[in-house]
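A structural walkthrough
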Amino acid sequence: MTEIDDMDRAILAELRRDARASMTAIAEAVHISRAGAHARIKRLTDAGVIAGYAVRTDPVLLGHHASAYVMLAIEQTTWQDVRDRLQRIPEVEHMALAGGDFDVILLVRARDARDLRRIVLEDIQAIPSIRSTRTTLIFEDWSRP
């Protein structure tokens, strides 16, 4: 297991802020040499701490005007099948197996309220081992860079 120190955390914060930043810019921001920043990023990547780089998008500008968290109660022995079927629904942006009142929490992005209704009632609830759902609309969301 890789030990993460304050310098690693500072580098990770810079990468979360701008994953496209140059190695020189990252090194300058955290006050270490370019070679030191490169070595640390390589170590964090090789250890799996940095799992990849992604583009954050604005869902509304992409045409997703309705978003919701959909909580599912499932027959727990069917989790792998449920997960595989949910992964095939393109509007499911994030999925988590959870503990508590619900077994699975989904982030669903849809074109509009009618499309969201279709996804929940026709796509998600059509999976046989889903016992119940609860949908919470998202009015505005924010994520940490």
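Residues numbered from 1 in each chain as written. Predicted model: local features only at pLDDT ≥ 70, side-chain atom pairs only at ≥ 80, totals over all residues. Heavy atoms only, no water.

In the annotation of an unreviewed UniProt entry, the chain is listed under the name DNA-binding Lrp family transcriptional regulator and assigned to Microbacterium resistens.

**Re the packing of helix H1 (residues 6-17) against helix H2 (residues 23-30)**
One can describe the packing of H1 onto H2 by two numbers: an axis separation of 10 Å at closest approach and a directional angle of 130 degrees. Relative to H2, the element H1 is oriented oblique. You can see that H1 and H2 cross each other, and the crossing is right-handed. Judged by residue contacts, Met7, Ala10, Ile11, Glu14 and Leu15 of H1 engage Ile26, Ala29 and Val30 from H2. When its residues are assigned to classes, the contact of H1 with H2 shows seven nonpolar, no polar and one charged. (Axes fitted to C-alpha atoms, helices over the stretch in contact; angles between N-to-C directions. Helix = DSSP H or I, 4+ residues; strand = E, 2+ residues; numbered from the N terminus. Parallel < 35°, antiparallel > 145°, perpendicular 65-115°, else oblique. Left-handed = near helix turned anticlockwise from the far one by under 90°. Contact = heavy atoms within 4.5 Å. Nonpolar A, V, L, I, M, F, W, Y, C, P; charged D, E, K, R; others polar.)

**Describing the side chain of serine 129**
Following the sequence through the fold, serine 129 ends up in the loop between helix H5 (113-124) and strand S4 (130-138). On the basis of relative accessible area, serine 129 is assigned to the buried category, the value being 7%. Not counting residues up to four positions away in its chain, the partners in contact with serine 129 are Ala73, Ile74, Glu75, Thr78 and Val82. (Buried < 20%, exposed > 50% of the residue type's maximum accessible area, 1.4 Å probe, protein only.)

**A short note on the environment of serine 143**
If you trace the backbone, serine 143 turns up in the segment after S4. Linking serine 143 and histidine 64, residues 79 residues apart in sequence, is a C-alpha distance of 16 Å.

**Some remarks on helix H3 (residues 34-46)**
In a regular helix each residue adds 1.5 Å, so 13 residues correspond to 18 Å; H3 covers 18 Å between its end C-alpha atoms and thus fits that length. Every buried residue of H3 is listed here: Ala37, Ile41 and Leu44. Buried residues of H3 fall within an arc of 65 degrees about the axis and therefore sit on the same side. Across from the buried face of H3, at angles greater than 90 degrees, the exposed residues are Ala35 and Asp46. Against the buried residues of H3 lie H1 and H2. (Expected span 1.5 Å × (residues − 1). Arc of directions from axis to C-beta.)

**Structural notes on H5**
Over its twelve residues, H5 extends 15 Å from the first C-alpha to the last, a length consistent with the 16 Å expected when each residue adds 1.5 Å. For H5, the set of buried residues is Asp115, Leu116, Ile119, Val120 and Ile124. One side of H5 holds all its buried residues, which, seen down the axis, span an arc of 135 degrees. Facing away from the buried side of H5 by more than 90 degrees, the exposed set consists of Ala113, Arg114 and Arg117.

**Remarks on unusual backbone geometry**
Trans peptide bonds make up most of the peptide bonds, and negative phi angles are found at most residues other than glycine. In the Ramachandran plot, histidine 31 falls in the positive-phi region, its phi being about 65 degrees despite a non-glycine side chain. Within the fold, histidine 31 resides in the loop between H2 and H3. For histidine 31, a relative accessible area of 70% puts it in the exposed group.

**Brief notes about the packing of H2 against H3**
Packed helices, taken two at a time, are described by their axes: the angle between them and the distance between them. Remark: H2 packs on H3, axes separated minimally by 8 Å, with the N-to-C direction vectors making an angle of 100 degrees. If you check the angle between H2 and H3, you find them roughly perpendicular. Contact residues: Met23, Thr24, Ile26 and Ala27 in H2; Arg34, Ala37, His38 and Ile41 in H3. Tallied by class, the residues present in the contact of H2 with H3 amount to five nonpolar, two polar and one charged.

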